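What the coordinates show
One-letter residues, chain by chain:
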Amino acid sequence: MYRTHTNGELNLSHQNQKVTLSGWVQTIRDKGFVMWIDLRDRYGITQLVLDEKRSSTELFEIARNLGREFVIQVKGEVKERESKNPNISTGDIEILAEEIIILNTAQTPPFTIENETDGGEELRMQYRYLDIRRNPVKEKLIFRHQVAQKVRKYLSEEGFIEVETPVLIKSTPEGARDFVVPSRMNPGQFYALPQSPQTFKQLLMVGGLDKYFQIVKCFRDEDLRADRQPEFTQIDCEMAFVEQEDILNVFEGLTKSLLKDIKGIEIDKFPRMTYEEAMKTYGNDKPDIRFGMKFCELTPFVKGKNFNVFDSEELIVGIAAPNCANYTRKEIDAIIDWVKRPQIGAKGLVWVKYNTDKTLKSSVDKFYSEEDLKVWAEKMQANPGDLLLIMAGDEKNTRKQLSELRMEMAKRLNLRNPEEFAPLWVVDFPLLEWDDETQRWHAMHHPFTAPKPEDLEKLQSAPGEIRANAYDLVLNGNEIGGGSIRIFNKELQSNMFQLLGFSPEEAQAQFGFLMNAFEYGAPPHGGIAFGFDRLVSILKGSETIRDFIAFPKNNAGRDVMINTPAPLTDEQLDEIHILVKNQEKQRNN
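Residues numbered from 1 in each chain as written. Predicted model: local features only at pLDDT ≥ 70, side-chain atom pairs only at ≥ 80, totals over all residues. Heavy atoms only, no water.

**Notes on the overall build of the protein**
Basically, it comes down to this: A run of H or I in DSSP counts as a helix once it spans at least four residues, and a run of E counts as a strand once it spans at least two, with each numbered from the N terminus. The rule is simple: take the accessible area with a 1.4 Å probe, protein chains only, and divide by the maximum for that residue type; under 20% is buried, over 50% is exposed, in between is partly exposed. Whether two residues are in contact is decided by their heavy atoms, any of which lying within 4.5 Å being enough. Working definition of accessibility: Shrake-Rupley area with a 1.4 Å probe, residue cover restricted to the visible protein chains. By the counting rule applied here, Lys and Arg register as positive and Asp and Glu as negative, while His and the ends of each chain are not counted. Throughout, a charge is located at the NZ atom of Lys, the CZ atom of Arg, the CG atom of Asp or the CD atom of Glu.
Scanning the protein for helices and strands turns up 17 helices and 22 strands. Principal-axis analysis of the C-alpha atoms places the extent of the protein at approximately 90 × 75 × 65 Å. Looking at the protein as a whole, 47% of its 589 residues are labelled buried. Partitioning the intrachain contacts of the protein with sequence separation of at least 6 by distance along the chain shows that 65% fall at a separation of at least 24. Accessible surface for the protein amounts to roughly 29800 Å². Of this, 47% is attributable to carbon and sulfur atoms. Averaging the locations of the 76 positively and 92 negatively charged side chains of the protein gives two centres separated by 3 Å.

Here it is, written out as structure tokens:
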């Protein structure tokens, strides 16, 4: 056998035992008369020792031909170390090597395989298989596995059945762009990779499975960010004979279970907030409630003082940054420059220092008296020592810009503690949103989301006022899950498609299979999907999902390790009946 033990399990209880270990050479320290070799595998590091009194010349010669990352097998005897290392699990022992077998040689790695490496991100992604040998990456992947097992255990105990749904499906016009797959056997026709198993899990409810889940790969051809990948993983769930409250209770339970088992944190209550309140109070629908700095609208209190910036704008709104009144002008100017960046797009901001002696000093003292500023401070529930930051503009953009500033100030003030967890349900989203470019309504979530029963009467008269029977689970300012109660009535689903601009023929062509299924006794049902990559990263204290994916894509959606996406040969393209521009030019010539 290649090994009797791993490199993380030996201790003094194994003293004087003969063992066989295998792994990668981490480091070699040669003092001439004595050599130490650190041998690494997934489980840890074990120190090997050779000395001139107990080891043969031939063994020294083999050891001196080793290099970093060589794969070796070692046979020897467990001994107590003279100089112990309390930082590793095997730090009390070492192996007196008696035989070393080189299983495979290795080139010098392009970066050091250590916790702190000298390799940049792009280089490490190119050699991801080497990066995985490093503890920080390995531990994240093991952590991901542990979370997945706890999810499966919880849902299975709750009566959910794990079912696999198809990966080659039909492209639909709603949502993000699909990745498409040409069909060789059906010229000119294409599959799409699923953005989610939405319609299939609804069909499983029609099929009577009652409670379904799947940890499933999904695909979206959209612009990338640090927390997005073209392929990602969801915890996808659906339940029959449920209302919103039933689903919220089950998945509060899942989240509580994960926080308790993994982080040792017990959370009793998950606050709830309407979409309207979230947008009004925090400027976005996934607010981080670990800290304050709630929005305060000042519009009626600031107009009419001949300050054109305020008098001419639709909305004036601000936040009170705690204990920042001592900021220098240079520090305040840096904040102003930050909001003026193209990524934020603000024209600037007004500031007010509410000093600890209760005096007030602002950038608009020319237009507003200290009494005026006191009213602002009172409305914003500011405390002496706070810095008021106020923005003006149109409703939509200004709230978004102030939301970005709120998060930036929280970051600068170290208020976003990754070891503190604040879950929140956001409910009562708008069912529809109007798109000026296409001049039609779009589903805010997806076209299968049910309206609130009390808003059904507005379907034709005031569609923009209809609230969706939908809910998002937010954790630390990140949406980790979202779902809804579904439409299960064919007539209502047809009306929804019509409202979204589908002709009856288009609706039948795209979703006829689902509406047909509704005619065979579809139960009331609803569900939720968790972004698994994001959930795992937040539980580990990070907001970058790429670190928790074994082989991620870069910001351009490329896998730099295998160099994909890549072109196909003309023969391959011909076989799937695709003609690209360069082929067309060549054939025309």
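**Notes on the sheet that holds strand β11 (residues 272–274)**
Applied cut-off: Strand pairing follows a simple DSSP-based rule, namely that at least 2 bridges must link the two strands.
Read from one edge of the open sheet, eight strands run β6-β9-β10-β22-β21-β20-β17-β11, paired in mixed fashion. Two strands bound the open sheet, and with one partner strand each, they are β6 (161–162) and β11. As paired elements, strand β17 (residues 423–427) and strand β20 (residues 470–475) share five bridges and run antiparallel to each other. Along β20, the bridge assignment pairs V427 with Y471.

**Here's the deal with the sheet that holds strand β14 (residues 350–354)**
Threshold: Note on geometry: axes are lines fitted to C-alpha atoms, helical ones only across the stretch in contact, with angles between N-to-C directions running from 0 to 180 degrees.
Strand order in the open sheet made by the five strands is β12-β13-β16-β14-β15, with antiparallel pairing throughout. The sheet is open, and its two borders are formed by β12 (296–297) and β15 (360–362), each paired with just one other strand. Both strand β13 (residues 315–321) and strand β16 (residues 387–393) contribute to a ladder of seven bridges, which runs antiparallel. Residue pairing in the sheet places V317 in a bridge with M391 of β16. The sheet strands contacting helix α11 (residues 370–379) are β12, β14, β15 and β16, and the helix crosses β15 at an angle near 100 degrees. Lying over the sheet, helix α12 (residues 395–412) contacts β12, β13 and β16, oriented at roughly 10 degrees with respect to β13.

**Description of the pattern of salt bridges**
The following threshold applies: In the sections that follow, a salt bridge refers to a side-chain nitrogen of Lys or Arg positioned within 4 Å of a carboxyl oxygen of Asp or Glu.
This model, assessed by the stated rule, comprises 44 salt bridges. Between R144 and D533 there is a salt bridge, with the nearest N and O atoms lying 2.7 Å from each other. Separated by 389 residues along the polypeptide, R144 in helix α4 (residues 135–157) and D533 in helix α15 (residues 532–539) bring together distant segments of the chain. Accessibility expressed as a relative area gives 16% for R144, which makes it buried. D455 serves as the salt-bridge partner of R467, at 2.9 Å between the closest nitrogen and oxygen. Of this pair, R467 sits in the loop between β19 (440–443) and β20 while D455 sits in the loop between β19 and β20, and the two are 12 residues apart along the sequence.

**A few points about the side chain of E238**
Our working definition: Polar contact is the term for a pair of N or O atoms within 3.5 Å; when the atoms are in protein, one must be able to donate a hydrogen and the other to accept it, and sequence-neighboring residues count only if both atoms are side-chain atoms.
Its place among the elements puts E238 in strand β10 (residues 231–240). Side chain to side chain, E238 and R486 meet in a polar contact 2.9 Å long. Setting aside its immediate chain neighbours within four residues, E238 contacts F160, K201, Q202, M205, D210, K211, Y212, R486, H525, G526 and G527.

**Structural notes on the side chain of T165**
Residue placement: T165 occurs in the loop between β6 and β7 (180–182). Residue T165 is classed as buried on the basis of its relative accessible area of 13%. Of note is the side chain of T165, whose polar atom sits 3.0 Å from the side chain of Q214.

**Focus on the pairing of β10**
Among the 10 residues in β10, nine count as buried, and that is most of the element. Direction of pairing for strand β9 (residues 211–219) relative to β10: antiparallel, over a ladder of nine bridges. Bridge pairing links C218 to F232 in β10. Of the strand pairs in this sheet, β10 and strand β22 (residues 525–531) are connected by seven bridges, and their pairing is antiparallel. Counterpart to E238 in the pairing with β22 is G527.

**Regarding α4**
Applicable threshold: One fewer than the residue count of a helix, multiplied by 1.5 Å, yields its expected span.
A rise of 1.5 Å per residue sets the reference length of α4, with its 23 residues, at 33 Å; its end C-alpha atoms lie 33 Å apart and thus fit the reference within 8%. Within the span of α4, buried status applies to V137, K138, F143, R144, V147, A148, V151, Y154 and L155. Each element contacted by the buried residues of α4 is listed here: β2 (34–41), α3 (128–131), β9, β10, α6 (244–263) and α15. At the C-terminal side of α4, G159 shows a positive phi close to 95 degrees.

**Focus on the packing of aromatic side chains**
Here is the rule we go by: Each Phe, Tyr or Trp ring (for Trp, its six-membered ring) is paired with any other whose centre lies within 6.5 Å, and the angle between the two planes then decides the class: stacked below 30 degrees, edge-to-face above 60, tilted in between. The criterion is that NZ of a Lys, or CZ of an Arg, lies within 6 Å of the ring centre and within 35 degrees of the ring normal, and then a charge sits over that ring.
A full pass over the atoms with the stated rule returns 17 aromatic pairs. Considering the side-chain rings of F160 and F251, the 6.0 Å spacing of their centres and the 70 degrees angle between planes classify their relative orientation as edge-to-face. Here F160, found in the loop between α4 and β6, pairs with F251, found in helix α6; they are 91 residues apart in sequence, far enough to count as distant. When sorted by exposure, F160 lands in the same class as F251, which is buried. Each ring, one from F251 and one from F530, has its centre 5.9 Å from the other, and the planes form 45 degrees; the classification is tilted. Of this pair, F251 sits in helix α6 while F530 sits in strand β22, and the two are 279 residues apart along the sequence. Here the two residues F251 and F530 agree in accessibility, since each one is buried. Through pairs of rings, three or more aromatic residues link up here, namely F307, F310, F367, Y368 and W376. Residue placement shows K140 over the ring face of F548; its charged tip is 5.7 Å from the ring centre.

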